[in-house]
Structures are given as C-alpha cells and as structure tokens.
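Residue-level listing of the chains:
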Protein chains: 2
Amino acid sequence: MNDEQQGLQQVEQYMRAVIERAESSGILGERPTLPLYRVLAYHLGWADERLHPVRVEGGKRIRPLLCLLCCQAAGGDPAAAAPVGAAIELLHNFTLIHDDIQDRSRTRRHRPTVWALWGEAQAINAGDAMFALSQLALLEAADRLPSDSLTLLLKAFNETTLRIVEGQVLDLSFEERPSVSVTEYLAMIRGKTAALTTFAAWAGALVAGTDLDRLERFRRFGEALGLGFQIQDDYLGIWGRREETGKEPADDIRRRKKSLPIVLLLEAASRPDREFLDALWSRPEVSDQAVAQVLGLLERYGVRERVRAEVERLHREAQALLEEAASPGPARDALAALLDRLATRSV
Amino acid sequence: MNDEQQGLQQVEQYMRAVIERAESSGILGERPTLPLYRVLAYHLGWADERLHPVRVEGGKRIRPLLCLLCCQAAGGDPAAAAPVGAAIELLHNFTLIHDDIQDRSRTRRHRPTVWALWGEAQAINAGDAMFALSQLALLEAADRLPSDSLTLLLKAFNETTLRIVEGQVLDLSFEERPSVSVTEYLAMIRGKTAALTTFAAWAGALVAGTDLDRLERFRRFGEALGLGFQIQDDYLGIWGRREETGKEPADDIRRRKKSLPIVLLLEAASRPDREFLDALWSRPEVSDQAVAQVLGLLERYGVRERVRAEVERLHREAQALLEEAASPGPARDALAALLDRLATRSV
C-alpha cells in the first residue's frame, strides 16, 4: 500500500469512527424503522440497499486526498490531517444527499439516491446528521493542533459550508431564469464546487503549520483546481463520450442545464439564434434534432474551444501555484498528477 | 430593561452579527433570485414576506434564556453565554425550517413557513445555512473560554444536533407504524425536544466554569424541563382551549398525531377499543363524532390525569434539581418562574 492509500484509509477510519460512536450513543438503538446511521453508511458505499455491509464505490475521496497531500507538501505529517480529510468528505456527502433531493436526482454513482429509497423527509434528516458528524470529525483534530488553529479551522469550515449553500441557492435560481451571466456562473461554481477544494488545500497546509504567505498560495491552488474540475465536468456534460461518462452524449443539453458552455453560447448568440435557444428552453422536451442544432451552434460560436482553453488556463494557473506553494518531493508530484487527472479526465 | 431582556438582546445581536457577516462575505451579493440571508431574517421575525425589515414574533427565545439564566445561576457572567445562546436559538430554528418541510406545515407563528413561500429546495438550503451559522455563533464564545471547554462545548453541540435529528427520524417513523410504545415515545422527545434544553442548561453552567457535579445537575434540570415542556405541549394539543392555543380543540386527534396521550391510550385500551382506534387511524379523515369518542376514551382510561400527573412529576423533579444546582438569587428565581410558566402554560 502506498502513502496515498494509507492516508485515505486513515480518513475512512475517522469517518467510520465518528459514525459508529454517534450510533452507539444515540437514542435510536434497535428501534426505528429507519436506521439513520446505516443509511449514511449506504450513501458512503459501506452498505447495500438492504443496509447489509458491502464495499462499493462511494465516491473517489478526491477532496480528502487533496487535503492530505497539501499537508504533506507543506512539510506536515499527513496523519494529522486525516480527521480534517474525514470532515471534508462527510461535509461533501451531506451536500450531495441534500442536492439529490433538490435536483430530483434518482441515481448517484450507479445506485439509487437516499431520497429515492427512503423518501425526502428522511433524506433531509440523513444530510443533517452527516453535517453534524462532519463537525465531530473536525473536532478530532483538536489534540494535534494549537487551539487558535482549531478555532480558525472550524470557522473556515463553516464559512465554506455557507459558500457551498450559496452556490446551490444560485444554481437552483438559474433554472428559473432566462439568462445567466458568465460572472454569475463563475460565482456559482466558486461556491458550489471550488469552496470545498479551496478549504481542503488550505486546511491541509494549516495543519502542517505553514506561514501565512504559503497558506494563501495553497488556498489559491485549491481554488484553481476546483474551478478547473467543475469546468471540465461541464465540458464532459456536453462532449463526453458515453463509453467514458456512462451518460448520454450532450446530457446537459437534454437536461437544459445552464452550465458554462450554454452560458457562453447564450451570451455570444445573435438575436435569431438566441430566440431559437430561448424557445427550446421553454419546451417540455429537447428533441434529438434540437440537440444536434445546439451542438452545431456551440461549434459555430467557438464555445467548445473557449471552454477547453479555460480548463487549460486554470490547469496552468494551479500548476504554477503548486510550484510556488509546495516543496519538491513525492507529495508535490502526487498533487501535480492529481491536477492532471482532474483537468484531462474523461469521467 | 431588566437583566433578562438585556441578556436576550445580546443574544439577538450575536444572531444578527453572524448572519450579517456571512451575507457581506458571501458570493451572492445583489444577484440571486433568492436572497438567502433575508429569508433567514424572515424566519427569525426580522423581515416580512417581501423581505423588508420588520419586527414580529419570531419565537420566544426560551432556550437561550434558559442558557443565560443557568450561566448566571451557576455564578457566571451571562454575557459570556450570549454567543452560546445565539448558537442554540439558530440551531433550534434550523431544525424548525427542516421540520416544517418534513411535516408539510404551512404556517408557523401565524406566518407562512419558509418552504411554503420559497419552495422545498430553497428551504433545505435555508436550514443548512442556519445550521452553519449556529456553529459560527458558538465559535464567538472562543475568546472567553479555555480551549478545552470550547472543544467540549462544540462536541456536545453537535452531539445534541444528532440527538435532535434522531428524535425527528423516530417521530416521522411513528406516523407509518400502527403502534408506538411509551418507551419509544419518551426516547423520541428526549431527542427531539429535551436534547436542546439539556444542552442549554448544561452549556450555561459550563461557561460559568462550574464543577462537574453541579454541571451534571444543571444538565438533568434542563432535561426534566424539556420533557415536561413537551408533555405539556402534548396535553394542550388535545385539551388546550381555542382561545389559548389558537388551534382547534383536539387538534392532535384530528391530525392523528401519536403524542403521549394517544400512545398511552393505545397501550391501555381493551381489544374492541383498540380496534376502533386502529380503524379510525386508517381512515382519511377524523369526524367530529370520532373526535368526541376518542376524547371520551381518553377520560375513561384516565389518560388525561396520567398526562397531567407526568407533567407535574417532571415539574417537581426539575424544581428539586434546580434547588440543588443553583445558588439562591434572582437567576434561580427567574429559572423557577420559567419552569412554572412552561409547566402550567396554556399556549
């Protein structure tokens, strides 16, 4: 097992430990119809639909990995960042459980979502519990940190949560609005996606005891990485191949999602093209023919190239920040590899 | 202005301060369709439906008052407990926003609920943001506390949240089940209602720097008070008068809520009475005649007296714990008065 795997295993242990502790001290015991903590285990890939223990894909744990590697690359012991990594992954999964309710998404990671199986009301509870558990995981870092660092970490963690929620508020509002500016779109992903990668990189370096200047570079590295990750995701939502993404090609067009390519297209389109698109968005379904027309417009207005260029720009920016922030060594190499993987990934 | 009012005003200031700070550092600015933080202000009674500033009843702030008075009664400066009180009130309101979605409640405190006005998806966001804000309020106590007390406080705060969520999980599960035992019912209110009053009393005493033995008495005082409060609420849900509660008499029978009187009745009822009740519960609506029959059964099986006796027993228990825990003085008197008010209240 390499260092990375070992670090993630520690993260997983912290996640399991806070959940098990909560379960054993809880009021539920054997009683309830809904075994709350088993449902969380299901969501995290530790249990099947009948809540029996299994081990399936429950997320790639990219965010805790980022945190651990940044801690190491800043000269710290990644083991000290493991509870922070656990808190980050639990926080991320709390937002996913609630997002799935809000977006009416019935599947995630090829499995039914929590609300699809146990209903909305109990999925709200599951997300709320996961959020409280993320705070408890973060408090596990208390023993290895000076108390003012702990307070700083907790404040930033909850401010990060607010940014994520704000991003989700904005994203939901986009669905109801005819047009969205690029500025608004970027504000949205800065909250919804990049806030947590920003926190992960920053928190890893903080646990390592880095000076303020370096801390700021790690923070910006995490942000550029998160923005690039999201825009690559938007790229794949339109130009990803079925073999790679497991979704229909142009899935985001069919779902009329206001992702970056669409926002750019709406901004660039001539009046008649814009009217065509607006009319399309107001219909109940998007036909295959209409999808082909939108794809044609995206090419014609050079949107595909602009999106690719933006992913590459953010990739280079993150690379430069990484070189400034991190000392040469295996952790920096691993972060560079993670960055490459996220910017060029096909799933 | 007396001490109590002054203390609650400080609590209110902390609540407003964390929300204003979050709003000004947030990504939303003037942009969104939904101004997240104004919606929270609406829920708390600081804004009207059009989100213009007003000052209406936004809750009685009983829990922060309990926290401040316990701090003072334990020999502490209640001002030190004000951020904790703010955190408690924000946490309480986060759970209310989510409960209203889960219970499909369209009004609270004579005003439309958040989800009724802005939809479920955004109400989930509002609750999530309120939860993160409650943590930030609690961190405002950091400056005035030794760091190990802060960690203890934060752990207990999040464990309390888990107990509240577990209580809600159990409560929702009751709706789908034919029978609920008294033990299960008590476990449910111990989580859903008493966990937060328990925390409030304990945290107030902790901030005062009380010894462990006294701390435990304050904790148990908060628990007895919370259980009594909830059972009195259940009493009023059936025998409260319209002039007092603003609700139909026997509202909980009409809503077929498995509150303590019903749980006791189901447990005590003879086979034919039990079959009558089960049949009633499976019908879409409860007629006035059926309500009268259930009221008759509650009298016949002595349930009304049993519920009253239980409220009085918890009242006496809380009084005794208060006398053991608190030194004589105005704070203890105020707590005794609060206790009397909660146990004999008619709304």
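Here the residue numbering is sequential within each chain, running from 1 through the sequence in written order. Here the convention is simple: chains get letters from A, ligands get numbers from 1, in the order in which they are written. Only residues with pLDDT of 70 or above have their local features reported here, since the model is predicted, and side-chain atom pairs are shown and tallied only from 80 upward, although totals for entire chains, interfaces and linings are computed over all residues. The side-chain figures draw on all heavy atoms in the structure; neither hydrogens nor water molecules are used.

(A) Representation of the overall build of chain A in the model. Under the scheme used here, helices are H or I runs from DSSP no shorter than 4 residues and strands are E runs no shorter than 2 residues, and both carry numbers assigned from the N terminus. Scanning chain A for helices and strands turns up 16 helices and 2 strands. The principal-axis extents of the C-alpha atoms in chain A amount to approximately 65 × 55 × 35 Å. Within the span of chain A, comprising 347 residues, buried residues form 58% of the whole. A separation threshold of at least 6 residues defines the contact pool for chain A, and within that pool the share at least 24 residues apart is 72%. Burial classification: accessible surface area is computed with a 1.4 Å probe over protein chains only, and a residue below 20% of its type maximum counts as buried, one above 50% as exposed, and the rest as partly exposed. Should any heavy atoms of two residues lie within 4.5 Å, those residues are considered in contact.

(B) Representation of the relation of the copies chain B and chain A. The superposition of copies rests on a least-squares fit of C-alpha positions from residues with pLDDT of 70 or more in both. Of the transformation placing chain B onto chain A, the axial shift is 0.0 Å and the rotation is 180°, giving an RMSD of 0.0 Å. Overall, the copies show the geometry of a two-fold rotation axis. No C-alpha of chain B lies nearer the rotation axis than that of S147 of chain B, which sits 3.0 Å from it. When the interface residues of chain B are mapped onto chain A, 100% of them again lie at the interface, so the same face is used by both copies.

(C) Molecular detail of the state of the cysteines. Pairs of cysteine sulfur atoms within 2.5 Å are what we label disulfides. In the structure shown here, the tally under the stated rule is 0 disulfides over all chains. Note on C67 of chain A: no disulfide assigned, nearest cysteine sulfur contributed by C71 of chain A at a separation of 6.9 Å.

(D) Representation of unusual backbone geometry in the model. Residue and element names in this part refer to chain B. For L51, which is not a glycine, the phi torsion comes out positive at approximately 70°. Topologically, L51 is positioned in the loop between α2 (36–43) and α3 (62–73). Among the residues examined, L51 registers a relative accessible area of 14% and is labelled buried. One non-glycine residue with positive phi stands out, namely R109, at about 50°. Its place among the elements puts R109 in the loop between β1 (107–108) and β2 (111–112).

(E) Looking closely at the pattern of salt bridges. The rule for a salt bridge is simple: a side-chain nitrogen of Lys or Arg has to be within 4 Å of a carboxyl oxygen of Asp or Glu. Under the definition given, this model contains 49 salt bridges over all chains. The shortest N-O distance in the salt bridge between R313 of chain A and E310 of chain A comes to 2.9 Å. Taken together, the residues R313 of chain A and E310 of chain A, both in helix α15 (residues 303–325) and 3 residues apart, mark about one turn of the helix. Between D251 of chain B and R255 of chain B there is a salt bridge whose closest N-O contact spans 3.4 Å. Residue class for D251 of chain B comes out buried when judged on its relative accessible area of 15%. Judged by relative accessible area, which is 46%, R255 of chain B ranks as partly exposed. One salt-bridge network, held together by shared partners, links E12, R55, R61 and E89 of chain A.

(F) Main features of the interface of chain B and chain A. Facing 55 residues of chain B, the contacting portion of chain A comprises 55 residues. Viewed at the interface, chain A and chain B are joined by 0 salt bridges. N or O atoms closer than or at 3.5 Å make up a polar contact, with two conditions inside protein: a donor-capable atom paired with an acceptor-capable one, and, for residues adjacent in sequence, both atoms drawn from side chains. Inspection of the region where chain B meets chain A yields 12 residue pairs in polar contact (both at pLDDT 80 or more). Mapped by element, the contributors of at least two residues to the side of chain B that touches chain A are α1 (3–25), α2, α4 (78–102), α6 (120–139), α7 (147–175) and α8 (182–207) of chain B. At 18 residues, the largest contribution of residues to the side of chain B that touches chain A is made by α7 of chain B.

(G) Summary view of the packing of aromatic side chains. Two rings belonging to Phe, Tyr or Trp (six-membered ring only in the last case) form a pair when the distance between their centres is within 6.5 Å. Interplanar angles under 30 degrees mark stacking, angles over 60 mark edge-to-face geometry, and anything in between is tilted. Counted under the stated rule, the structure contains 11 aromatic pairs over all chains. Look at F199 of chain A and W202 of chain A: their rings are 5.9 Å apart centre to centre, the planes differ by 40°, and that puts the pair in the tilted class. Highlighted residues: F199 of chain A and W202 of chain A, both in helix α8 (residues 182–207), separated by 3 residues, approximately one helical turn. Put simply, the rings of F94 and F131 of chain A together with F94 and F131 of chain B pair up and form one aromatic cluster. In this scheme, the term charge over a ring applies when either NZ of a lysine or CZ of an arginine sits within 6 Å of the ring centre and within 35 degrees of the ring normal. For the cation-ring pair, R111 of chain B lies above Y42 of chain B, with the distance from its terminal atom to the ring centre recorded as 4.0 Å. In this arrangement the basic side chain of R308 of chain B is found over the ring face of Y235 of chain B, its NZ or CZ atom lying 4.6 Å from the centre.

(H) Representation of the environment of L297 of chain A. Residue and element names in this part refer to chain A. Within the secondary structure, L297 is located in helix α14 (residues 288–300). Linking L297 and L265, residues 32 residues apart in sequence, is a C-alpha distance of 7.7 Å. With near-sequence residues (within four places) excluded, L297 lies in contact with L265, D273, F276 and L277.

(I) Seen up close, the packing of helix α1 (residues 3–25) of chain A against helix α4 (residues 78–102) of chain A. Residues and elements named next belong to chain A. Axes here mean lines fitted to C-alpha atoms, for a helix over just the part in contact, with angles spanning 0 to 180 degrees between N-to-C directions. In contact at an axis separation of 8 Å, α1 and α4 are set at 60° when each is read in the N-to-C sense. Relative to α4, the element α1 is oriented oblique. Considering how the two elements wind past one another, α1 and α4 form a crossing that is right-handed. Contacts from Q10, V11, Y14, M15, V18 and I19 in α1 reach A79, A82, P83, G85, A86, E89 and L90 in α4. Under the convention adopted here, Pro, Cys and the residues Ala, Val, Leu, Ile, Met, Phe, Trp and Tyr are nonpolar, Asp, Glu, Lys and Arg are charged, and Gly plus all remaining residues are polar. Among the residues making up the contact of α1 with α4, the classes are represented as 10 nonpolar, 2 polar and 1 charged. Just so you know how the angles are binned, under 35 degrees is roughly parallel, over 145 roughly antiparallel, 65 to 115 roughly perpendicular, and the rest oblique. Note: crossing handedness is left-handed where the near helix turns anticlockwise from the far helix by less than a right angle, and right-handed where it turns clockwise.

(J) Quick peek at the confidence of the model for chain A. Residues and elements named next belong to chain A. Every residue carries a pLDDT, the predictor's confidence in it, which falls somewhere between 0 and 100. In this model, chain A carries a mean pLDDT of 93, and residues with pLDDT of at least 70 account for 98%. Mean pLDDT across the elements of chain A bottoms out in helix α10 (residues 242–245) (76) and peaks in helix α6 (residues 120–139) (98). Note on the complex model: pTM 0.96, ipTM 0.95.

(K) Quick look at the side chain of E89 of chain B. Residues and elements named next belong to chain B. Looking at the secondary structure, you find E89 in helix α4. By relative accessible area, E89 is classed as buried at 1%. Within polar-contact distance, the side chain of E89 engages the side chain of R61 at 3.2 Å. Contact partners of E89, with chain neighbours within four places excluded, come to M15, R61 and P64.

(L) View of the nonpolar core. Counting residues in hydrophobic clusters, the biggest one holds 261 residues, and the most contacted among them are F221 of chain A together with F221 of chain B. Beyond its immediate sequence surroundings of up to four residues, F221 of chain B is in contact with L66, C70, A201, A318, L321, L322, L335 and L339 of chain B. Among buried residues, those of type Ala, Val, Leu, Ile, Met, Phe, Trp, Tyr and Cys that are joined through side-chain atoms within 4.5 Å constitute a nonpolar core.

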